[in-house]
Structures are given as structure tokens and as C-alpha cells.
Number of protein chains: 2
Amino acid sequence: MPTELSVLTETQIRGLVGFGEEELTTIESVYPLIADGSAVMPPIMRLDVEDHNGEVDIKTAYLPGHPGIAVKVSAGFFDNPKKGLPSLGGFMMVLDSETGVPAAALFDNGYLTDLRTALAGAVAARHLANPEASRVAVLGAGVQARLQVEALLLVSEIETVSVWARRQEQAEDLAGVLSSELDLDASEFGTVEGTLADADIVVTTTPATDGVLEERHLHRGLHVTAIGSDAEHKRELGPGVLATADLVVVDSVAQSLRLGEARAAIAEGFDESTLVQLGEVVSGTHPGRTSSEQVTVCDLTGTGAQDTAIAGLVVEWATKAGVGDVVVT
Amino acid sequence: MPTELSVLTETQIRGLVGFGEEELTTIESVYPLIADGSAVMPPIMRLDVEDHNGEVDIKTAYLPGHPGIAVKVSAGFFDNPKKGLPSLGGFMMVLDSETGVPAAALFDNGYLTDLRTALAGAVAARHLANPEASRVAVLGAGVQARLQVEALLLVSEIETVSVWARRQEQAEDLAGVLSSELDLDASEFGTVEGTLADADIVVTTTPATDGVLEERHLHRGLHVTAIGSDAEHKRELGPGVLATADLVVVDSVAQSLRLGEARAAIAEGFDESTLVQLGEVVSGTHPGRTSSEQVTVCDLTGTGAQDTAIAGLVVEWATKAGVGDVVVT
């Protein structure tokens, strides 16, 4: 039987969703569904393609009450730049959650992943950083570093941004972009220590595998959001960081134990029973930060639930706006 | 950067691939890659959607030398018939295996899964049944029961087909279809015992959960292909069947242990170290059947490798024939 399917391109999708309050609350509203177990979210599927220096990751989730189920396929093929192609790509297929019938194909080239990841960082900061936080430090200088700062503007009155990256030139470039495009007082620092010295919030967005933010870098009142550890071999927070923090929050306990910061920390004696899910804090089941002196950490591994949420918003808004091609299959 | 993607419908796909020798050898050629470990095949991803009586299964595989990677999404939503929709559906996305870039969307509504599953049964029979096998028994009377017989015609000189199903009427209907459409001497039998009495090959294609073919039904020279057990709760071969067989072959040891016939049998004492992978027999590493008196069993759980193989053939032939719409994303 013929099925109508909407096909949207990256340009169309960028025209529909971005750094808005509704996108933020859509992402935020999903965490309680993860925390209370009502989101159905199988472990990430990963296909390694060593022959071509590539990997394919597949995430999905069903969220009660949401009209669509996103199946997100992310591809990282690291020889692509030699061929004039970007290393990272991806798309999402959206199935009708009541019938399983394909409803939309979102050829976003990874834009929606970038967006929902940045919005997740803003949700973490909104619930865990001190309310008056105005000084942000960023470790790493890739696309996500810039987007994290952009998303934080939705929830904090940011005044200064300090940037550090292994490649100093990239950090300088990012500071320049943040200054000129987002009108922030942004500068590059030569050391992690200097970058963090005055920070209220630090966001780590590196591909580090052995820790880049160390226990000695922590100071009272700091909130840390760690974005970069989304695979078994990655690690941004060095030994003792989780154990020293007053509160360690994760998007998904299962994923943090397998892919995130909890994995290495537990091997070093961190007590996993102290992990709190972000949804508990969002819903108020857990109080979150209880004093301005506490050190809080939020480890975000990225969930299929966020993909389903943002994809659902795209489909809803595309339908309303009449955007996208209809393919009859 | 704009990407061109081919979109093919079920009708177009049916016009390209079917029960042909090249399709059969394509499916056959993949088993040695599974057996020697060169196929990269993560465990099946499964999303349960209990709210809507549905499930989504995702399979994928990378095969060295194959130009595409299929990501297959199969949906089973069992309240769909009330809505005038089929229970089972599905599609495949094909990524370029060297770059990860989406190359094709195959909206086949599950046809390619049906086809490659049937062809897999024919591969099993070609390598494991007695060469002069002419009498086929089928347990189950669904779509796959019919397709298994059709595929067997590629490899055996079938003369008679005996059919049994829990719902006798369905078995009668299938026998009628096989007689009229495939010109076979097909009849329904009231009991499993009667159905198997003279059979050289029996194919089980039921959704049984506690065994339907029992040890007492086996006789010398019989080859059994079990198709139906593709989930943790399914089982078509009763206690003792695997242990009694002279040779037990599986498409994937990992999957048979988790989802297939080996799962329950091992709990009853079957020795898993005796399992042989179909690819070992196809490649000649294992001799397979060594006498006409042996009882052989092949348990097929269905692999992402087969999906990647059949999808690759569709894309290749569609490109040659200029079939399919090109979507620029």
C-alpha cells in the first residue's frame, strides 16, 4: 500500500529548528521520561568499519505520548576529508509511533544531533549551575564547543567565555568567533588551569581519552558539563573528579556506566550508587544543587530519547509550515 | 553539501530482484564472511513499543568488498490490521560503505526480508539436504511458508509438498496456492507426524514458542530448516531435536545462542561446541552432510549480513536499469 513520507533537507531543517525556547523545553521534558523508566531506549548500536576508518552509530527511543520514533544513523568516516567530504554525517528516519510506518526522512547531516546535544548542555546548566553564573569556560574548540556556548545563552546571563584546546590556534579562532558573532567577551587561555580559574560553568567538548579536566582544577561553586565521552575509550574527567564532586548527574545511568565518565571513575573507586539522573533533577524528585558552594558535574552521553524529541518537533513544524517534499513509496 | 540519494518503492524493488540464481548466490556468498569473522555484524537492536503493541528491530552489517551497508528497520505493530494497515513493515537505508553517506532508501515494506529469508532456506537445503530430495514438508502457512517452497525450487527437484499449520484452513489454502501457482503436488495434513512421514526436507516457519517439531518426528536422512525462531521467546524445535541430529548448522552462532534454537536446547544439555556455521559448509571448511542417512538441522535467525547483501544487489541493478527517484538532500 502506498505510503506518504516527508523528506527534509539540512537547509529546510535548519530553517525550522534552532536555539529557541521551545526546542530547549522539548529536550528538557524528555529527561524525566528517561529517569522514571517510561522512555524505551535500547543500548546504542555500533558498527565498526575498520576497512574504511569509519563507524556507524544507531540510536532510537520510544517516548510515551510522542507521535514519532526517531531512528538516528550517525556516520563517522575519518578518511572523508581526503575525498572532499565531511568526516561526520547522519540522518534520522521517523516512524509513526502508533503504526511503525515511516513518516519522515530527515537528511540533516548531523545538524539535529549537534543541536540537541547543545540544548542538553543548556538544560544541565539551567538545573545545576549557580543561577547567577556568568563566566563560562570551554575545553575543546570544535563545532560543539561553539554550540554549547550558544545554547547556554538561553539559560544564563553569560558575560565572559574562556577557551582552551590542545591546538591553541583553534582555541583562538573559537574565541574570535564567539566575540564577533555572539558578542561575548571571549579569550583563549594557554592552560586548562587558567581557563577554569574564574569559571562558574565549564563545558568539556573534547575527544580526550585519558582526562583533560583534573581534580585539582575544580573549585567551589563550579558546575561541570562533560559532553565528549560517548564511547568506551573516551574520558574527559580525570581521576577523582567524580568522587570529589558534591553531585554527579548523568543523562542515562546505563550509558554513563558503559560509555561515559562513570566507566573509568568506578574502576578507580567512585561509588556508582551516588549517580543521579538529570530527569530526577528536572522533575524535582532530586533537589539538585543545594548550595552555591557545591561542585556539580553533569555527564551527557547523548540519548536516542533526545533524537526522538527533536525529530518529532521538526516533523510537527514541517507539517504546519508545509515544508519538505512528499515521496510516495 | 548536497547528496543524491536513490529512493525505490516496493513495486520497483519487486521488479528488480526475486527468485533468481544471482540473488541466491549473492545470499549464499555471505555466509563464509560470517563464519570467518570478516563480516562486521553487531547484535540486533530491538525497541519494544508496548503502548501500541509494536516492536522495531534494526539490523545492519558491513561486508568487506560490498559497496553498501544496509541499515534495516523492521516494524511489527500488531494492532495495525484494525487500522487497515499490515502488521509487518520495514525499509532499508543503504550507506556508501567507504564514506557512510546515504546512497539509497529502499521502501520495500519487508519484501527484501521475505526474499532473503527464503533464499537463505534454499542455501541451507542446497548444502545440507540429500541431493535427490524431492519431498518437502512445511510447518506453518504464512507468507514465508510459501516463499520457502518457491526458493527451494531453485535448488531441488521438488515433487510433493505436505503442509501442516495450527489453523488447518490456512494449511489447506497454502496447499491450494502451491498446487495452482507453482504446479506442485501439495496437500494439507492433519498432523505434524503425517506431514513429515515421507519428507526429505522440512521447513518450520511458525511463530511457535514451545516447539512444534519434536524429536519423535525425525527420521533418517531428513533435513530440517528452522526459520521461525528469531526472538528470545520463540522455539520451533522441541527438546532433544538438536541433540539427536547428526549435524546442527546455524547462520550465526551468536544469534542462535541468543534468539534461535540453540538457546533452549543448551539449557536442556545440548552441547553448543558442536554448532557449525553455515558459512563453513558453504566454503567447504566443514564437510556438511556425510551420508544420506544423517539427520541435519539448520537454524536460521536472519542476519544483517543478508540484508546488506540483498540491498547491495538492488542498488546495483537499480543503478544499471535507471530505476528509482533521485532525491537531492
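Residues numbered from 1 in each chain as written. Chains lettered and ligands numbered in written order. Predicted model: local features only at pLDDT ≥ 70, side-chain atom pairs only at ≥ 80, totals over all residues. Heavy atoms only, no water.

Helix and strand counts for chain A come out as twelve helices and 15 strands. The globule rule puts the C-alpha radius of gyration for 329 residues at 20 Å, and the 19 Å found for chain A is close to it. Along the longest, intermediate and shortest principal axes, the C-alpha atoms of chain A span 60 × 45 × 40 Å. Going through the 329 residues of chain A one by one, you find that 60% of them count as buried. Across chain A, every contact between residues at least 6 apart in sequence was considered, and the portion connecting residues at least 24 apart equals 71%. Taken as a whole, chain A presents about 12500 Å² of accessible surface, with 48% of it coming from carbon and sulfur. Within chain A, the 49 negative side-chain charges are centred at a point lying 4 Å from the centre of the 20 positive side-chain charges. (Helix = DSSP H or I, 4+ residues; strand = E, 2+ residues; numbered from the N terminus. Rg over C-alpha atoms; globule rule 2.2 N^0.38 Å. Buried < 20%, exposed > 50% of the residue type's maximum accessible area, 1.4 Å probe, protein only. Contact = heavy atoms within 4.5 Å. Areas by Shrake-Rupley, 256 points an atom, 1.4 Å probe, with all protein chains shown as cover. Lys, Arg positive; Asp, Glu negative; His and termini not counted. Charge placed at Lys NZ, Arg CZ, Asp CG, Glu CD.)

To continue, consider the pattern of salt bridges. All names here are of chain B. Scanning the model with the defined rule gives 36 salt bridges over all chains in all. Here Arg146 makes a salt bridge to Glu150, at a shortest N to O gap of 3.2 Å. Here Arg146 and its partner Glu150 are both found in helix H5 (residues 143-152), four residues apart, which amounts to about one turn of the helix. Where Arg146 meets Glu181, a salt bridge forms, and the shortest distance between an N and an O atom there is 2.8 Å. (Salt bridge = Lys/Arg side-chain N within 4 Å of Asp/Glu carboxyl O.)

All names here are of chain A. Spatial ordering of the open sheet is given by S9-S8-S7-S10-S11-S14-S12-S13, a layout of eight strands whose pairing is parallel. Unpaired on one side and paired on the other, strand S9 (185-188) and strand S13 (276-277) mark the two borders of the sheet. Alignment of strand S7 (residues 135-139) against strand S10 (residues 201-204), held across four bridges, turns out to be parallel. Paired with Ala137 across the bridge in S10 is Val202. Sheet strands touched by helix H4 (residues 111-128): S10, strand S11 (223-226), strand S12 (247-250) and strand S14 (296-299). Its angle to S11, the strand with the most contacts, is close to 160 degrees. Sitting on the sheet, helix H6 (residues 168-182) is in contact with strand S8 (160-164) and S9, with an inclination near 175 degrees to S9. (Pairing = 2+ DSSP bridges. Axes fitted to C-alpha atoms, helices over the stretch in contact; angles between N-to-C directions.)

Let us now look at the relation of the copies chain A and chain B. For the match of chain A to chain B, the screw axis carries a shift of 0.0 Å, the RMSD comes to 0.0 Å, and the turn is 180 degrees. In the structure described here, the two chain copies are related by an operation that fits a two-fold rotation axis. Relative to the rotation axis, the closest C-alpha in chain A is found at Met45 of chain A, a distance of 3.3 Å. A shared binding surface is used by both copies, with 100% of the interface residues of chain A retained as interface residues in chain B. (Least-squares fit on C-alpha atoms with pLDDT ≥ 70 in both.)

Glancing now at the domain arrangement of chain A. All names here are of chain A. As assigned here, chain A comprises domain 1 (4-112 + 305-328) and domain 2 (130-303). Each partner contributes to the interface: domain 1 provides 16 residues, whereas domain 2 provides 21 residues. Both sides of the domain 1 and domain 2 interface together cover about 1500 Å² of buried area, and 66% of this is carbon and sulfur. Together, Phe19, Tyr31 and Ile44 form the three largest contributors to the area buried by domain 1 at its contact with domain 2, with a combined 39%. At the surface where domain 1 touches domain 2, the tally comes to zero salt bridges. Summed over the shared surface of domain 1 and domain 2, the result is four residue pairs in polar contact (both at pLDDT 80 or more). If one sorts the elements of the side of domain 1 that touches domain 2 by residue count, helix H3 (residues 31-35) sits on top with four residues. Its residues assigned to classes, the side of domain 1 that touches domain 2 comprises ten nonpolar, two polar and four charged. (Domains from an automatic or database assignment. Buried area = accessible area lost by both parts, 1.4 Å probe. Polar contact = N/O pair within 3.5 Å; in protein donor to acceptor, adjacent residues only side chain to side chain. Nonpolar A, V, L, I, M, F, W, Y, C, P; charged D, E, K, R; others polar.)

Between chain A and chain B, the residue contacts involve 46 residues of the former and 46 residues of the latter. A buried area of about 3800 Å², summed over both sides, lies between chain A and chain B, and 76% of it is on carbon and sulfur atoms. Between the two partners, chain A and chain B, sit zero salt bridges. The tally of links between chain A and chain B comes to eight residue pairs in polar contact (both at pLDDT 80 or more). At the level of secondary structure, the elements contributing two or more residues to the side of chain A that touches chain B comprise strand S1 (4-9), strand S2 (45-49), strand S3 (54-61), strand S4 (68-77), strand S5 (88-96), strand S6 (102-107) and strand S15 (325-328) of chain A.

Outside of glycine, negative phi angles account for most residues, and trans bonds account for most peptide bonds. All names here are of chain A. Residue Asn53 is not a glycine yet carries a positive backbone phi of 50 degrees. Locating Asn53 in the fold gives a position in the loop between S2 and S3. By relative accessible area, which is 38% here, Asn53 ends up partly exposed. Notably, Asp183 is not glycine yet its phi reads approximately 60 degrees, a positive angle. Topologically, Asp183 is positioned in the loop between H6 and S9.

Another aspect to go through is helix H4 (residues 111-128) of chain B. A rise of 1.5 Å per residue sets the reference length of H4 of chain B, with its 18 residues, at 26 Å; its end C-alpha atoms lie 26 Å apart and thus fit the reference within 8%. Where burial is concerned, most of H4 of chain B is hidden: 15 out of the 18 residues are buried. (Expected span 1.5 Å × (residues − 1).)

Attention now goes to the pairing of strand S14 (residues 296-299) of chain B. All names here are of chain B. Both faces of S14 are covered, namely the face carrying Thr296 and Cys298 and the face carrying Val297 and Asp299. Of the pairings in the sheet, the one linking strand S11 (residues 223-226) to S14 comprises four bridges and is parallel in character. Each bridged residue has a counterpart across the sheet, and for Thr225 the counterpart in S14 is Cys298.

Below, the discussion takes up the packing of aromatic side chains. Residue and element names in this part refer to chain A. Enumeration according to the criterion identifies two aromatic pairs over all chains in this entry. For the pair Phe91 and Phe107, a centre-to-centre distance of 5.6 Å together with 40 degrees between the ring planes defines the contact as tilted. Taken together, the positions of Phe91 in strand S5 and Phe107 in strand S6 put the pair 16 residues apart, joining distant regions of the chain. As far as burial versus exposure is concerned, Phe91 and Phe107 are alike and both buried. (Phe/Tyr/Trp six-rings, centres within 6.5 Å; stacked < 30°, edge-to-face > 60°.)

The next subject is the sheet that holds strand S3 (residues 54-61) of chain B. All names here are of chain B. Pairing is mixed across the open sheet formed by seven strands, whose spatial order is S2-S3-S4-S5-S6-S1-S15. Looking at which strands have only one partner, the edges of the open sheet turn out to be strand S2 (45-49) and strand S15 (325-328). On average, each strand axis in the sheet is inclined to that of its neighbour by 20 degrees, with strand direction left out of account. In this structure, strand S1 (residues 4-9) lies alongside S15, joined through four bridges in antiparallel fashion. Within S15, the residue paired with Leu5 across the bridge is Val327.

This part takes up the side chain of Ser162 of chain A. Here Ser162 of chain A shows up in strand S8. Excluding anything up to four places from it in sequence, Ser162 of chain A contacts Val136, Ala137, Val138, Ser187, Phe189 and Thr195 of chain A.

Residues and elements named next belong to chain A. Position of Val241 among the secondary structure elements: in helix H8 (residues 241-244). Linking Val241 and Arg258, residues 17 residues apart in sequence, is a C-alpha distance of 18 Å. Not counting residues up to four positions away in its chain, the partners in contact with Val241 are Leu213, Glu214, Glu215, Leu218 and Val297.

Residues and elements named next belong to chain A. Neither face of S12 is exposed, since Leu247 and Val249 on one face and Val248 and Val250 on the opposite face are all buried. Pairing between S12 and S14: four bridges, direction parallel. Bridge pairing in S14 places Val250 opposite Asp299. As paired strands, S12 and S13 are joined by two bridges and run parallel to one another. From the neighbouring strand, Val250 faces S13, where its bridge partner is Gln277.

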